[in-house]
Amino acid sequence: MKKDEKKNNNNTTTKPHFWNWAIASVIFRLILIYFPKNLNLATRPEVSTPVTSLRRLAEGYWLTQSSMSPYAGSMYHGSPLLLSILGPLTMKKIEGHPYHLLCSLVSVIADFISAMLIRATGLNLRMAYCERLKLLGLGKLFEISEIIPSEDYAALVYLWNPFTIVTCVGFNTTPVENLFIILSLYGACIRVAPLAAFGWVVASHLSLYPTILIIPVILLLGNGPDAIPRKLFLMYKKDENDSSNKGRVEHNGLTEQKSFSWKPVGLFFVWVSIWTLYTLVLCGIFMSNYGGLSEMFSRTYGFILTVKDLSPNIGVLWYFFAEVFEFFRDFFLIVFHVNILFMILPLAIRLKHRPCFLAFVYMTICSMLKPYPSVGDSALYLALLALFFNELAEMQFSFFSFVDMLVFPFLVQ
């Protein structure tokens with residue numbers, strides 16, 4: 001009884017600590033918003049890219065106000081929908097600073113919602129982890145050791161990560177893109193196909209590279225958030241002849257739960273078609289006087305795939321294509337982009353039983369190889385890494401692996 005009372009007291013004392021730290025992170029962001037000139041983050045190549053810069057978005061909106069195409073020249077290369085939503089905020093001046101306060105407030109709200117979605121996703125992962133241990137007959141582990149509340153740590157890692165903070169204050173659209181990526185994973189984790197489809201369609205529309213997350217989303221919808229360690233399953237798996245009746249029931253329950261469900265997957269593709277059509281219709285209406293959808297595709301996705309802007313960033317593609325001969329440019333463009341596609345299928349086969357970890361690996365690879373990366377991309381996958389505290393606790397050389405993931409964003413510079 002005393003042990004149970006201590007556990008309950010610990011749970012009641014840790015939750016207020018989480019909310020205190022979460023609210024403090026929001027207040028810290030609001031304080032930094034009032035010092036944009038001193039920080040000077042909007043012009044840093046580590047924070048803003050040609051695709052996510054809010055200054056370029058303001059220029060594109062100004063062109064539309066002048067009855068010109070937002071893609072005239074070589075400034076704006078983002079979504080027309082994002083331009084129509086955030087564009088009016090860039091024209092409002094508060095205390096002499098254009099788009100300094102209102103757009104930053106949007107980033108603060110996006111960061112907070114993203115952290116809450118990460119927390120909810122981590123909670124589902126931990127519950128699935130506990131259920132699978134019980135199905136394996138390992139329920140006594142909860143009496144011996146406590147499962148780390150990884151969802152709280154992951155949310156705080158996202159809120160207090162310096163990469164996330166400078167991205168939020170640095171006048172760019174990365175927080176909004178990260179929000180829809182996490183929204184798609186959360187919708188798939190709770191098996192709500194319309195929500196997962198909406199997040200995936202919008203994230204792919206804004207940034208293109210989240211398209212490859214369709215495989216983890218399908219696996220989450222079909223299998224659910226399976227968090228059982230594969231080695232643990234093989235260790236405690238017993239032959240039917242040697243198992244007791246109780247063991248047979250547990251084993252059969254485990255196999256039934258691991259059967260793939262096609263119904264939410266089919267519903268997901270239906271909603272993907274609906275949201276994609278709706279997005280294209282809205283973009284077509286916006287671009288009706290500026291060249292249509294073909295102009296949008298060539299100035300957004302075409303700009304990303306052809307790597308036309310070779311201004312310095314934290315990636316490696318800008319330096320490589322600045323040095324390569326023009327004759328070999330098309331060849332190496334194909335090599336760099338296909339390199340990502342070659343990794344998709346082998347990783348999906350190896351990590352099909354861990355869809356959320358597969359999504360983390362995909363996002364890490366994209367942040368390494370995409371043409372215009374920023375520290376906001378690193379902040380997202382570092383927060384998702386914190387969701388796997390329980391699984392990575394027994395991993396060999398975990399400290400060195402964590403340090404590698406932490407130092408990587410600086411090494412690519």
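Residues numbered from 1 in each chain as written. Predicted model: local features only at pLDDT ≥ 70, side-chain atom pairs only at ≥ 80, totals over all residues. Heavy atoms only, no water.

Asker: Could you give me a rundown of the environment of Ser25, with the residues and numbers involved?
Answerer: Checked against the element boundaries, Ser25 lands in helix α1 (residues 2-33). A C-alpha to C-alpha distance of 9.9 Å links Ser25 and Asp111, two positions 86 residues apart in sequence. Other than its neighbours up to four places away in sequence, Ser25 contacts Leu159 and Trp160. (Helix = DSSP H or I, 4+ residues; strand = E, 2+ residues; numbered from the N terminus. Contact = heavy atoms within 4.5 Å.)

Asker: Describe the packing of aromatic side chains, and please don't skip the residues or the numbers.
Answerer: For the structure on display, the rule yields 24 aromatic pairs. When the centroid spacing of 6.4 Å and the interplanar angle of 75° are considered together, the rings of Trp275 and Tyr278 count as edge-to-face. Here the residue Trp275 and the residue Tyr278 both occupy positions in helix α14 (residues 263-286), the gap between them amounting to 3 residues, near one helical turn. Ring geometry for Phe331 and Phe332: centres 5.2 Å apart, planes at 75°, overall edge-to-face. Three or more aromatic residues joined by ring pairs form one cluster here, namely Phe180, Phe198, Trp271, Trp275 and Tyr278. Taking the ring centre of Phe18 as reference, the NZ or CZ of Arg119 above it sits at 4.3 Å. (Phe/Tyr/Trp six-rings, centres within 6.5 Å; stacked < 30°, edge-to-face > 60°. Lys NZ or Arg CZ within 6 Å of the ring centre and 35° of its normal.)

Asker: Quick one: what's the story with the packing of helix α11 (residues 214-223) against α14, residue by residue and with numbers?
Answerer: It is at 7 Å that the axes of α11 and α14 come closest, and there the two elements cross at 135°. Judged by the angle between their axes, α11 and α14 are oblique. Along this stretch, α11 crosses α14, giving a crossing that reads as right-handed. Contact residues: α11 offers Ile214, Val217, Ile218, Leu221 and Gly222, while α14 offers Pro264, Val265, Phe268 and Phe269. Per-class residue counts for the contact of α11 with α14 are 8 nonpolar, 1 polar and no charged. (Axes fitted to C-alpha atoms, helices over the stretch in contact; angles between N-to-C directions. Parallel < 35°, antiparallel > 145°, perpendicular 65-115°, else oblique. Left-handed = near helix turned anticlockwise from the far one by under 90°. Nonpolar A, V, L, I, M, F, W, Y, C, P; charged D, E, K, R; others polar.)

Asker: Explain the UniProt feature "transmembrane region" (unreviewed entry) in the protein to me, and be specific about the residues and the numbers.
Answerer: According to UniProt, the feature "transmembrane region" (unreviewed entry) maps to residues 99-118, 179-202, 208-228, 265-287, 331-349, 356-375 and 395-412 in the numbering used here. Along residues 179-202 one finds 88% helix and 0% strand; the C-alpha atoms at either end are 10 Å apart. End C-alpha atoms of residues 356-375 are separated by 21 Å, and the span's content is 75% helix alongside 0% strand. (UniProt positions renumbered as here; feature names shortened; annotations may be inferred.)

Asker: A description of a nonpolar patch on the surface should follow, citing residues and the corresponding values.
Answerer: Side chains of Trp19, Ile23, Ile27, Ile31, Tyr34 and Phe35 sit close together on the surface and give an oily, nonpolar patch of about 590 Å² of accessible area. With respect to the helices and strands, Ile27 occurs in helix α1. The partly exposed category is assigned to Ile27, whose relative accessible area is 45%. (Patch = residues over 30% accessible without salt bridge, like charges linked within 9 Å, V, L, I, M, F, W, Y side chains within 5 Å. Areas by Shrake-Rupley, 256 points an atom, 1.4 Å probe, with all protein chains shown as cover. Salt bridge = Lys/Arg side-chain N within 4 Å of Asp/Glu carboxyl O. Buried < 20%, exposed > 50% of the residue type's maximum accessible area, 1.4 Å probe, protein only.)

Asker: Outline the side chain of Glu46, listing residues and values.
Answerer: Here Glu46 lies in the loop between α2 (36-39) and α3 (54-65). Glu46 gets classed as buried once you look at its relative accessible area, which sits at 15%. There is a polar contact of 2.8 Å between the side chain of Glu46 and the side chain of Arg44. (Polar contact = N/O pair within 3.5 Å; in protein donor to acceptor, adjacent residues only side chain to side chain.)

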